[in-house]
Structures are given as structure tokens and as C-alpha cells.
Amino acid sequence: MTDTAAAPWWRHAVTYQVYPRSFADANGDGIGDLPGITSRLPYLRDLGVDALWISPFYTSPQKDHGYDVADYRDVDPLFGSLADADALIARAHELGLRLIVDLVPNHTSSEHEWFKAALAAPPGSPERARYLFRDGRGPNGDEPPNNWRSVFGGSAWTRVPDHSTGSGQGGQWYLHLFDSSQPDLDWRNPEVGDMFEDVLRFWLDRGVDGFRIDVAHGLLKEESLRDQVVPDGVDPSSDASAMIERALTDEPMWDQPEVHDVYRRWRRVLEEYPGDRILVAEAWTQTAVSLARYVRPDEMHQAFNFAWLLAPWSAKAFAEVITGTLEELSDVKASPTWVLSNHDVIRHATRYGGGALGLARARAATVAMLALPGSAYVYQGEELGLEQVEVAPDQRQDPTWLRTRNTAAPEEGRDGCRIPIPWSGTEPPYGFGPGEGQPWLPQPASWGGLTVAAQTGDPDSTLELYRRALDARRRHAGTDRGDTVEILDEGHQVLAFRRGGLTVVLNCGEEPVELPAGEVVLSSEPLDGATLPANASAWLV
Ligand code: NOJ
């Protein structure tokens, strides 16, 4: 794991996202855990990834499956213990894998000691000042302090009992941009920054290689907490303040300039530690320009490039994202990232149409992505070609569903991309856990052919394609190819680009196309001569 000064590991890494509840269950309780991840590390090494990012496994009431943290310095018993975390870090390093953990600084759980103390203390107290408590508007303060909506639906404010009587709901309101169990911290209070610096050091001391920063664009709000401007005709109760699709562009709750001071401080902390530790931003900002601010030289190292994930199946759209990304990042001298799926979005095989067509497109987009400069993020199960699963309403657990199911605009939620991984066998639980017990979300009966065991050794399988692609990336798409991408064709049918001596063709059209001269070193589908079928991609040297 040595780095050259010119190219630290993260500049070209492929990082595999593990959603711990759904990866591998060692103790048979139906929920994945840290020992389960440790037991499957050889699989990840053999797949050919360089690093793992693990979604939160800290003490949590699991209202948002770990993105509601009650203790940042401990492991939830559901997932194991601190000793299990140490063992996981050590084993990953032994196998040459880096390990990134998730940090959730925008909000705590309502079970965090700080929030419990805030509820017990009176308005105006130092305990309440760690969060965003405000008096309500209107007669008796019965109206929320402003018109902000939660990303998960409904108002972003919840009222607490009157402190003097301890009863009713007549007290102050607190802000939660997500679920009411996730109160937002007040990052203008210095105590908050000091606490998180300690948390960073706690995990850095244990040897983690970096942090994925949850809701990195959310920590600071416009100080006045003014109303969000809602133009006539826009319904703020639909997806008005959702991060991914926005109906509103005025955003006093997101992307405030002061947030960058937080990341400058964190960068200084990381630089005190040996090795190349990194910060990766999850920042759903509105433009590539605003995203680039998070990766200025003294801030974070990387930010997820959601524009790539949001692009429709179109050569022109893909070309525009590549050009736009590289342009904005070169201004701040940062390196790009590419991502197609994660635990919050519909799996890309389904987004691109589902079935055989969606899978072919997903394979083609992934193969093209892995040739681009910078680093790539892969979400568990995409290497098996898994699709989004329709979860029955009574099985859904996502707070988005729970908060909207009885409204005019119910949101199905994200459970469908979080189905436990099928490892082996012909029926659920497909080797997810040690026994026959079923996992926390039901797996489809049709997944027998998609298990790791079933796909291993089958050259046509998506798993073997990922293995070949990651191997080809090391040989043909490394940092020595440089960061410059020359777009050769960005018509509606074909995206073709050259990077160093590597040529990549992605056929987004409906007709086969002829490939340029050269040796094909990777293709998303078997090729017949020099013809690239529709919904396929290839690399040539
Ligand atoms: C983004 C995370 O990826 C998502 O899963 C979570 O629900 C929200 N942040 C709130 O923490």
C-alpha cells in the first residue's frame, strides 16, 4: 500500500460501498454485521476493488438505519463491537484494502445524550444551543418557525412539550431536515465543531483511511432561518426540498459559504496523520461549480459526482457530464469521481429500463465509467447485476415511506436498493446468514441465478464482467493514462472518448456500430468482430 507522491491511492481507487445491514450476517439475526463484512473481505480483494466505504455502524436506534447516530464513538450491538471494528480495519489492511467510514455531522439521533439533555433543559439553555430550537410562530407559537420541509416529507420542525409543565406539545420547536428522530445540530456553536474533531481523531487513531461525509452541504443554515421562497404554482409538499430532485431553487438550508470552514479544519486534522487519509463529500449541490468548492485544495479530497448518476441514457448527456465535471474540477485542481448507484437511489440496472435491456445498459455504463480518470464508487450488489426490488408496503422500513405513506404524495422509499446480498444457494436467504432464518428485508425468489456462487466462473455473468473490468482498469486505465479526456463523438447514438492511448465507445443508440481500429481489451458484451451492439461498450488500445 505504498503511494507515489504523484498519485495517492484515492486518486484512482475503486471504492466498494458496503451497506452493513445488507451485506453479510455472521450471527444469524437476519441483519448484516461487522464480522460478516470481515468474513467477506477476501471476496472484495478478489473482485479487485481498492477500498471499502462502510455506511454507519455506530450506536443508533436505527430509525434511518444508522444515519441517526446516538454515540459516534461506539458500535451498535446489532453490528458488533469496537473490537469487531478493529478486527475489520486490521484484516482489510492485511488484504491491501483501504477502509472509509461514514460520518454523520448534520444531525444526531434524538437518542444522543446531547439531545436528551436538550429536552430536559429549558429554552435558552446551553444544552438547547447545540441544536436549532426556536419558538413557534402564530398564536401560542403553534406554527413552525419557518416553512422548511423535511427531505423525508412533512415539516422540518417538531414541537416539544412545554418545558415548565413537561406535558402537552406547547414548547419550542426543533429543526430536522430529515426524520424527527434526526435533530439538526447548530454548527454555529463551537462545541459542535470540537465534538466532531474528537470523533474524527477517535476513528483516525483506530486506523481508518478516511471519511464519507453525510449531507456535507447541510451543516450550516442561513443564520436567520428565514422562509424558503416558494414560487407560485410549486407544491412544496411534493419533493420541494428533497436533495435529489428539487422543485425549489432557493435553498437557505443548503450549501452555505460558512460550511467550508468546517472542511478546512478537518483537512488540517487529517494531515496530522500518516498515510493518505481522505474526506469524501456527499453534497447534493445544485451545480458542478458549487460542488467543486468542496474539493478545493485545502478542503475535501473528493465529492461524489451525482451528475453522472442522474444523467439519462444518452450519449450526449454522458458527454456533457464528463466535460462539465472535468472543466469545473480542473479549476480547483481536484480529481473526479464517478458513481452510478448507492443506497439512496434506484439501482442503475432498473433506472436504465430494467430487465435484459436495463442490465445491458448498466454493464455498458459501468465499463465506460471505469475508463474515466479519477476514482469510481461501486455499490454492493451492482456487480451481481441486481435490480431495484419492489418491497411490499407492510415490509417497508425507510422513514421516507413512513412519513409520507398517508399523504397525497406517498414516496415508496429506498428499501428496494437495500435488499440483502445473495451469496449462494437457490432460495432465500441465499447464504446471507449462517442458517435458514430470513433477513430483515425479503429477497426475491428469482435471485437463485444471481448469487455470487452461481455467477462465479460464468464468463457471461455480470460478476465476471466486473472482475475483468477491474483487472483491465489496472492494466489499461491507470493514472499513467492521464486526466485528459478527448470526446470523439457525442452524438445521440454513440459516446466515444480517448484517454491517453485508450479509446472507449459506448453505444447508447438502437443500432450496432462499427468500432474504430484497435485491439479490444474489454467489452460489456461478447463482440462479433469489430461490431459493437446497441447498449454495449468497449475499450480499445
Ligand atoms: C444521506 C444518506 O446517504 C441517507 O441514507 C440518509 O438518509 C441521509 N443522508 C440522512 O442522514
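Just so it is clear, the model here is predicted, and its values are computed rather than measured.

This part takes up the overall build of the chain. In terms of helices and strands, the chain carries 14 helices and 20 strands. Against the globule reference of 24 Å for 541 residues, the chain gives a C-alpha radius of gyration of 23 Å, in line with a compact fold. The C-alpha extent of the chain, read off along each of the three principal axes, is 80 × 50 × 50 Å. Put simply, the chain has 541 residues, and 58% of those count as buried.

This brings us to the layout of surface pockets. Volume-wise, the second largest pocket comes out at about 390 Å³. Contributing elements (two or more residues each) for the lining of the second largest pocket: helix H7 (288-292), helix H8 (306-310) and helix H9 (315-332). For the lining of the second largest pocket, the leading source of residues is H9, giving five residues. For the lining of the second largest pocket, the per-class residue count stands at 16 nonpolar, eight polar and two charged.

Let's shift gears to the side chain of Asp33. Counting through the fold element by element, Asp33 comes out in the loop between strand S1 (14-18) and helix H1 (34-39). For the buried Asp33, no salt bridge is present, and the opposite-charge side chain at shortest range is Arg40, 9.5 Å distant. At 3.0 Å, the side chain of Asp33 forms a polar contact with the backbone nitrogen of Ala26. Residues in contact with Asp33, not counting those within four places in the same chain, are Pro20, Ala24, Asp25, Ala26, Asn27, Leu78 and Phe79.

Turning to the nonpolar core, a few remarks are in order. Of all hydrophobic cores here, the largest spans 144 residues; its most connected members are Leu44, Phe211, Tyr263, Trp266 and Trp539. Counting the residues that make up this core, at least three belong to each of domain 1 (4-106 + 190-455) and domain 2 (483-540). Dropping the residues within four chain positions of it, Phe211 is found in contact with Ile100, Val101, Leu103, Leu200, Trp203, Leu204, Leu270, Ile278, Leu279 and Val280. If you look at the next biggest cluster of nonpolar residues, it comprises 14 residues, including Trp148, Val151, Leu175 and Leu225.

Here we take up the packing of helix H11 (residues 355-369) against helix H14 (residues 462-476). At a minimum axis separation of 11 Å, H11 and H14 run at an interaxial angle of 10 degrees. With respect to H14, the element H11 is oriented roughly parallel. Contacts between H11 and H14 involve Leu359, Arg363, Thr366 and Val367 on the former and, on the latter, Thr462, Leu465 and Tyr466. Class assignment of the residues belonging to the contact of H11 with H14 gives a composition of four nonpolar, two polar and one charged.

Attention now goes to the site of the ligand. Near the ligand lie 13 residues; those nearest to it are Asp64, Asp214, His343, Asp344 and Arg414. Within the side chain of His343, one N or O atom sits 2.8 Å away from an oxygen atom of the ligand. Within the complex, the protein chains bury 100% of what would otherwise be the 300 Å² of accessible surface of the ligand. Residues of the shell around the ligand, tallied by class, amount to four nonpolar, two polar and seven charged.

Below, the discussion takes up the sheet that holds strand S7 (residues 157-159). Strand order in the open sheet formed by three strands is S6-S8-S7, with antiparallel pairing between adjacent strands. Both outer strands of the open sheet, strand S6 (133-134) and S7, are each paired with one neighbouring strand and no more. Where S7 lies against strand S8 (residues 173-175), three bridges are found, and the strand directions are antiparallel. Within the sheet, the bridge partner assigned to Arg159 lies in S8 and is Trp173.

Splitting the chain by domain gives domain 1 (4-106 + 190-455) and domain 2 (483-540). Taking the mean C-alpha position of each, domain 1 and domain 2 sit 29 Å from one another. If you look at the interface, domain 1 gives 22 residues, while domain 2 gives 23 residues. Sorting the residues of domain 1 by area buried against domain 2 places Ala315, Val367 and Ala371 first, and these three jointly supply 27% of that buried surface.

Time to look at H14. Relative to the 21 Å expected for 15 residues at 1.5 Å per residue, H14 spans 20 Å between its end C-alpha atoms, a close match to the ideal helical length. For H14, the tally of buried residues reaches eleven of 15 residues, placing the bulk of the element in the interior. Along H14, the positions that sit buried rather than exposed are Thr462, Leu463, Glu464, Leu465, Tyr466, Arg467, Ala469, Leu470, Ala472, Arg473 and His476.

What follows is about the pairing of strand S2 (residues 51-54). Judged by which residues are buried, S2 turns out to be covered on both faces: Ala51 and Trp53 on one side and Leu52 and Ile54 on the other are all buried. Pairing of S2 with strand S5 (residues 98-103), which is carried by four bridges, proceeds in the parallel orientation. The residue bridging Trp53 from the neighbouring strand is Ile100, located in S5.

Our next topic: the sheet that holds strand S18 (residues 520-523). The strand order S14-S15-S16-S20-S18 describes an open sheet built from five strands, whose pairing is antiparallel. Each edge of the open sheet is held by one strand with a lone partner, namely strand S14 (486-490) and S18. The mean inter-strand angle of the sheet, taken between neighbouring strand axes irrespective of direction, is 15 degrees. With six bridges joining them, strand S15 (residues 494-499) and strand S16 (residues 502-507) adopt antiparallel strand pairing. Paired with Val494 across the two strands is Asn507, which belongs to S16. Contacts between H11 and the sheet are confined to S15, S16, S18 and strand S20 (536-540), with S20 contributing the most and set at about 25 degrees to the helix.

Let us now look at the pattern of salt bridges. Applying the stated criterion across every chain yields a total of 36 salt bridges. For Arg296, the salt bridge identified is with Glu299, shortest N-O distance 2.9 Å. Glu299 gets classed as buried once you look at its relative accessible area, which sits at 0%. Beyond isolated ion pairs, a larger network of salt bridges with shared partners links Asp64, Asp344, Asp398, Arg414 and Arg418.

Reading the values: rules and limits
For every chain, the first residue of its written sequence is number 1, and the numbers climb from 1 along that sequence. Per-residue local features of the predicted model are confined to residues with pLDDT of at least 70, and side-chain atom pairs are confined, for both listing and counting, to 80 or more; whole-chain, interface and lining totals are unaffected and use all residues. The side-chain values count all of the structure's non-hydrogen atoms but skip hydrogen atoms and water molecules. Numbered from the N terminus, helices here are DSSP runs of H or I no shorter than four residues, and strands are runs of E no shorter than two. With C-alpha atoms as the basis for the radius of gyration, the globule rule is written as 2.2 Å multiplied by the number of residues raised to the power 0.38. We call a residue buried when its accessible area falls under 20% of the maximum for its residue type, exposed when it is over 50%, and partly exposed in between, using a 1.4 Å probe and counting protein chains only. Lining residues are those with an atom within 4 Å of a point, where the points come from a 1 Å grid over the protein atoms alone and group into cavities, where a 1.4 Å probe fits but cannot get out, or pockets, open sets with protein on both sides within 12 Å along at least five of seven lines. Grid points are joined across faces, edges and corners, and a volume is the space filled by probe spheres set on the points. Put simply, Ala, Val, Leu, Ile, Met, Phe, Trp, Tyr, Cys and Pro go in the nonpolar bin, Asp, Glu, Lys and Arg in the charged bin, and everything else, Gly too, in the polar bin. Positive charge is attributed to Lys and Arg, negative charge to Asp and Glu, and no charge count is given to His or to the chain ends. Here, a salt bridge means any side-chain nitrogen of Lys or Arg that lies within 4 Å of a carboxyl oxygen of Asp or Glu. Two N or O atoms count as a polar contact when they lie within 3.5 Å, although within protein this holds only if one can serve as hydrogen donor and the other as acceptor, and sequence-adjacent residues are included solely when both atoms are side-chain atoms. Residue contacts are counted whenever heavy atoms from the two residues lie within 4.5 Å of one another. Residues belong to one nonpolar core when they are buried, are Ala, Val, Leu, Ile, Met, Phe, Trp, Tyr or Cys, and are joined through side-chain atoms within 4.5 Å. These domain boundaries are the output of an automatic or database domain assignment. The axes are straight lines fitted to the C-alpha atoms, using for helices just the contacting stretch, and the angles between their N-to-C directions are given from 0 to 180°. Orientation is classified from the angle alone, with under 35 degrees giving roughly parallel, over 145 giving roughly antiparallel, 65 to 115 giving roughly perpendicular, and any other angle giving oblique. We call a residue near a molecule or strand whenever a single non-hydrogen atom of that residue lies within 4 Å of it. For every accessible area listed, the method is Shrake-Rupley and the probe measures 1.4 Å; residues are considered covered only by the protein chains on display. DSSP calls a pair of strands paired once it identifies at least 2 bridges connecting them. Accessible area that two parts lose when put together, evaluated with a 1.4 Å probe and summed over both, is termed the buried area. Expected helix span is taken as 1.5 Å per residue step, with the number of steps being one fewer than the number of residues.

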